[in-house]
Amino acid sequence: MLHYAIYIVSIFSLSQSAVLIKLSGIPPETLGFWRMIGASLLLLGFRALKDSYKDILRDIIANKKWVIPTGIFFYLHLWSYSYSAQTTSVAHCMILFALNPLFTAVGAKIAFNEPLEKNVIFSYLFALTGLYFLLRSRLSLGLDSWQGEAAALASGALYSIYALLSKRSRKSMNNWNFSVGIYFVCALCFLATTLTMSTPLTGYSSTAWLALVGTIFIPTFLGHSLFSYLMNYLNINWMSCGKLLEPTLSALVAFLVFRELINIDTILAFFFTSAAVLFLFFKWEIKDNRFQILLRKK
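Residues numbered from 1 in each chain as written. Predicted model: local features only at pLDDT ≥ 70, side-chain atom pairs only at ≥ 80, totals over all residues. Heavy atoms only, no water.

### Observations concerning the packing of helix α5 (residues 64–87) against helix α10 (residues 175–197)
As a reminder of what qualifies: Here an axis means a line fitted to C-alpha atoms, over the contact stretch when the element is a helix, while the angle between two N-to-C directions is reported on a 0 to 180 degree scale. Only DSSP runs of H or I covering at least 4 residues are called helices, and only runs of E covering at least 2 are called strands; the numbering of each starts at the N terminus. Any angle that is under 35 degrees is reported as roughly parallel, and any over 145 degrees as roughly antiparallel; angles of 65 to 115 degrees are reported as roughly perpendicular and all others as oblique. For a crossing to be left-handed, the near helix must be turned anticlockwise from the far one by less than a right angle; the clockwise case is right-handed. Here, two residues are considered to be in contact whenever any of their heavy atoms come within 4.5 Å of each other. Ten residues, namely Ala, Val, Leu, Ile, Met, Phe, Trp, Tyr, Cys and Pro, are considered nonpolar, four, namely Asp, Glu, Lys and Arg, are considered charged, and the remaining ones, Gly among them, are considered polar.
Packing of α5 against α10 leaves a shortest axis separation of 8 Å and a crossing angle of 55°. As far as their axial angle goes, α10 and α5 are oblique. Crossing angle aside, the handedness with which α5 passes α10 is right-handed. Here α5 contributes V67, I68, T70, G71, I72, F74, Y75, L78 and W79 to the contact with α10, which in turn contributes F178, G181, I182, Y183, V185, C186, C189, F190 and T193. Broken down by class, the residue content of the contact of α5 with α10 amounts to 14 nonpolar, 4 polar and no charged.

This is the structure in structure tokens:
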């Protein structure tokens, strides 16, 4: 029962990422730098309670060929996600990003030669239907540009690449050391972006800094860290399906904080994109003249 309670906390925490990013109003590159450098240093300090700094650094350097590219793709995912959260509605950002399992399924086929089952075709049909309703919703809400929606889709694809690289990386190094390494690489990428774009690192309001600290502790630690921890105890497919609650939770908070409206087309878009993801994790069969819906194996 405790693991399920932790899972609920994890899902709610992950759902608040876009809300906190939008609330901060800090440029994505600056927000990303402070968020990742803060997470990296805090996690390093926690990890050092068990292992020495020298051993942690040695493990990261020994696996740098995986840590560096994974950190770079994590940076690209976070930058595009933050940009989307600040340039379109929170609901649209979360719905489009929720399609990332479809990208991961195709990527796993290419990278690990995992079987691509027929259900993926149905998933993409539902996803395209969801995108149609999202398009109608966007027009009816009077949103000015497509950049936010495009960034959300890109963020989902980049997250899939990051997830696939993470899967390979974790075969050769400790999960905690791996996280410290990719967070630090990600922070360096964000710092380079701020310098290139001449984006200020300081000078923001107290509300902005509070929201930034919130992104470190809520979606990063209470969200990602707890979700990763639970992978050893709960079915990963079941957990992934539960993530479909995130758009609803984030949209609810966005309405309370920003007064963002939800129309019927947005609800239909959420329904069809959710169905697209569910097709990846569930299968149906007729056995003994009974129709059954079963969760696919981990």
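### What to know about the side chain of N177
Selection criterion: Burial classification: accessible surface area is computed with a 1.4 Å probe over protein chains only, and a residue below 20% of its type maximum counts as buried, one above 50% as exposed, and the rest as partly exposed.
Here N177 shows up in helix α10. A relative accessible area of 4% places N177 in the buried class. Apart from the residues lying within four places of it in its own chain, the contact partners of N177 are R47, I56, D59 and I60.

### Looking at the pattern of salt bridges
The line we're drawing: Think of a salt bridge as a Lys or Arg side-chain nitrogen and an Asp or Glu carboxyl oxygen that are within 4 Å of each other.
What the rule picks out here adds up to 3 salt bridges. Among the salt bridges present, the one from D55 reaches R58, with a minimum N-O distance of 2.7 Å. You can see D55 and its partner R58 sitting in helix α4 (residues 53–62), 3 residues apart, about one turn around the helix. Given a relative accessible area of 38%, D55 falls into the partly exposed group. By relative accessible area, which is 47% here, R58 ends up partly exposed.

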